[in-house]
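Coordinate analysis (summary)
What follows is each chain in one-letter form.
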Amino acid sequence: MLFNSIEFIFLFLPLSLILFFTIARKWGNEGAIIALVLASLFFYAWWNPVYLILLVASMLFNYHIGRQLGINRDKTLLILGVAVNLSVIAYYKYAGFIVFNLNIALGESWDLGNIILPLAISFFTFQQIAYLVDSYRGITKEYSFTHYALFVSFFPQLIAGPIVHHKDMLPQFSTKKSYRLNISHLKVGLSIFAIGLFKKTVLADGVAIYATPIFNAADSGMTLDFFSAWGGALAYTFQLYFDFSGYSDMAIGLARMFGIVLPLNFYSPYKAANISEFWRRWHMTLSQFLRDYVYISLGGNRNGKIKRYINLSLTMLLGGLWHGAGWNFIIWGGLHGAYLVINHSWQASIQSSKAVFFHSKSYGFMAWLVTFVAVVIGWVFFRATTLDGAINMLNAMVGSNGFSIPNAILTRLDSVGIFLIGLGITPSNGGATFVFTWLWNIVLFIVVLTLPNIQDIFHPVNGTLNNMNSETKNSFWPGYSTFSKITWSGSYRWAAISGISLALGILTLSQVSEFLYFQF
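Given the structure is predicted, the values throughout are model-derived calculations rather than measurements. (Residues numbered from 1 in each chain as written. Predicted model: local features only at pLDDT ≥ 70, side-chain atom pairs only at ≥ 80, totals over all residues. Heavy atoms only, no water.)

Once that is clear, we can look at the overall build of the protein chain. Of regular secondary structure, the protein chain possesses 22 helices and two strands. Compactness check: the protein chain gives a C-alpha radius of gyration of 24 Å against a globular reference of 24 Å for 520 residues, within 12% of the reference. Across its three principal directions, the C-alpha atoms of the protein chain cover 80 × 65 × 55 Å. For the protein chain, with 520 residues in total, the buried portion stands at 52%. Of the contacts formed within the protein chain by residues at least 6 apart in sequence, a portion of 75% connects residues at least 24 apart. Working note: accessible area of the protein chain is about 23400 Å², and carbon and sulfur atoms make up 66% of it. (Helix = DSSP H or I, 4+ residues; strand = E, 2+ residues; numbered from the N terminus. Rg over C-alpha atoms; globule rule 2.2 N^0.38 Å. Buried < 20%, exposed > 50% of the residue type's maximum accessible area, 1.4 Å probe, protein only. Contact = heavy atoms within 4.5 Å. Areas by Shrake-Rupley, 256 points an atom, 1.4 Å probe, with all protein chains shown as cover.)

In structure tokens form, the structure reads like this:
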């Protein structure tokens, strides 16, 4: 079931809210938890009822292993628990990819059949691996199975995150105030949900039509020019951000309606002035998981500079592989690992420099621009379905295939158009597509660099579990702008803004599209 669907917005969500608070009032908190778990399982089963068995089995297995680890702190049991979880992911997500490459290397023709990837398997599995590790470390407390089941299956964050931590969620399920209908929570939650829905259905889906044809053309071997390739790459850059951050905002808003506060997953990542900062702002809960349970487990920065760089590279390679079984994802992860190594080396080399330039706005702008371009190049591998397609895109983006501008535009530029043709610009067709592609990119570029994010807008009412806000000055784009002081309040103005956002989102329900991160 999709958040951006008629059945969810007009049936499932209101019925779940009514059921949860009615049962809480009549039969107490435990009854409400059971009702919400059943509702969440129904939500998951809507996609494919068969895989509900996998989710329930995973919860039962990890809950009991976690309890035993909390009592015995048995490392062998921890390894077994983690291995079982990873083997399930390996089968459903990577077995086909492994067999495909083995067939190529060995000249065989092995076939595992059509393995359908269970929805959200990466998210709920990683969440439970963190639970097992923390149980072994003695961080977790004793919780009932129903509370644990809600922690794993809670429908707002079940499908695509944020990846929640037991220490943040389980205590909230234990507080009485979470089971009392709170109008303030409903208003805040509905406002965040409305903004997230607008980001997904209006912005992400709106710009997607200018990204998809370009990448399809690149994957099919068609020759693209400079402006077409960059237009498509930027369109996907903004599509992915507004799609996934829109989902995360909707999840945060939905949880808040039930009195639950989720962690932040995005904090204006395209404002980042270096790649380390980008990963502190993009898919933040995955970044934190990789840092706490992969990078630190590998040794972190405890064993010298070279070992640290190796650990960074391995962590990002695994992060790329987490997103999917394909060489493009591995290359994307490897690229970001290399970016991080270069960034750490560069930061170390200029740390002791007293040169004024390194503290100037000019340097800040250059650092931001290099970071943004590096991220866009990475997204080309992330989006292209074939390695050849990614190479085709990058070749076009460096100008190897020339520069083209629609003839309709060149003729209207008069002498300027003649001058551009003299420089080697060739006329082409598709004037309307060219104009709308770049109009969308320019508008969304301004939006991501100037408008406040959900965290800043709802910071006064604790919109998420995070404390950061626009006062944090840690990039070239620190969050200050004409609009950065805009904050939410329960006023008629905000009711109108939320209502308009929700209405515009609902008006697009006839063209429902899945969230991009559902495939991961």
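The next point concerns the nonpolar core. Counting residues in hydrophobic clusters, the biggest one holds 145 residues, and the most contacted among them are Phe3, Phe8, Tyr270, Trp282, Trp379 and Met393. Per-element tally for this core: the top contributor is helix H11 (residues 226-257), with 18 residues. Once residues within four sequence positions are removed from consideration, phenylalanine 8 is found in contact with Met1, Leu2, Phe3, Leu13, Pro14, Phe43, Phe155, Phe193 and Leu254. (Core = buried A, V, L, I, M, F, W, Y, C linked by side-chain atoms within 4.5 Å.)

In this structure, aspartate 414 is a non-glycine residue whose phi angle is positive, near 50°. Among the secondary structure elements, aspartate 414 is positioned in the loop between helix H18 (407-412) and helix H19 (415-422). The backbone of asparagine 462 sits at a positive phi, close to 50°, despite the residue not being glycine. Turning to its location among the elements, asparagine 462 is positioned in the loop between helix H21 (454-458) and helix H22 (492-507).

A few words on helix H17 (residues 387-397). Every buried residue of H17 is accounted for by Gly389, Ala390, Met393, Leu394, Ala396 and Met397. Projected down its long axis, H17 shows its buried positions confined to an angular sector of 160°, all on one face. Buried residues along H17 sit against helix H10 (212-219), H11, helix H15 (327-350) and helix H16 (361-383). (Arc of directions from axis to C-beta.)

For the rest of this paragraph, the subject is the packing of aromatic side chains. Within a pair of aromatic rings, the relevant descriptors are the distance that separates the centres and the angle that separates the planes. Under the criterion given, the structure shown has 70 aromatic pairs. Each ring, one from tryptophan 368 and one from phenylalanine 445, has its centre 5.9 Å from the other, and the planes form 65°; the classification is edge-to-face. Taken as a pair, tryptophan 368 in helix H16 and phenylalanine 445 in helix H20 (residues 431-450) lie far apart in primary sequence, 77 residues in all. When the ring centre of tryptophan 322 is taken as origin, the NZ or CZ atom of lysine 93, which lies over that ring, is 5.2 Å away. Cation over ring: lysine 200 sits above phenylalanine 515, and NZ or CZ is 5.0 Å from the ring centre. (Phe/Tyr/Trp six-rings, centres within 6.5 Å; stacked < 30°, edge-to-face > 60°. Lys NZ or Arg CZ within 6 Å of the ring centre and 35° of its normal.)

Locating leucine 102 in the fold gives a position in helix H4 (residues 75-106). Spatially, the C-alpha atoms of leucine 102 and glycine 337 are 26 Å apart, while their sequence positions differ by 235 residues. Excluding its chain neighbours within four sequence positions, the residues that come into contact with leucine 102 are Gly107 and Trp110.

A separate point is the packing of H10 against H17. A pair of packed helices is characterised by two quantities: the angle between their axes and the separation of those axes. Where H10 contacts H17, the axes come no closer than 7 Å and their chain directions differ by 110°. When the axis of H10 is compared with that of H17, the two are roughly perpendicular. Where H10 crosses over H17, the two elements pack in a sense that is right-handed. Within the contact between the two elements, H10 uses Ile214, Phe215, Ala218 and Asp219 and H17 uses Gly389, Asn392 and Met393. Residues that form the contact of H10 with H17 fall into these classes: four nonpolar, two polar and one charged. (Axes fitted to C-alpha atoms, helices over the stretch in contact; angles between N-to-C directions. Parallel < 35°, antiparallel > 145°, perpendicular 65-115°, else oblique. Left-handed = near helix turned anticlockwise from the far one by under 90°. Nonpolar A, V, L, I, M, F, W, Y, C, P; charged D, E, K, R; others polar.)

Taking 1.5 Å of rise per residue, 20 residues should cover 28 Å, and H20 covers 29 Å from first to last C-alpha, within 8% of that figure. Considered for burial, the residues of H20 that qualify are Thr437, Asn441, Leu444, Val448 and Leu449. Down the axis of H20, the sector holding all buried residues measures 125°, keeping them to one side. (Expected span 1.5 Å × (residues − 1).)

Coordinates in, geometry out; function isn't part of it.
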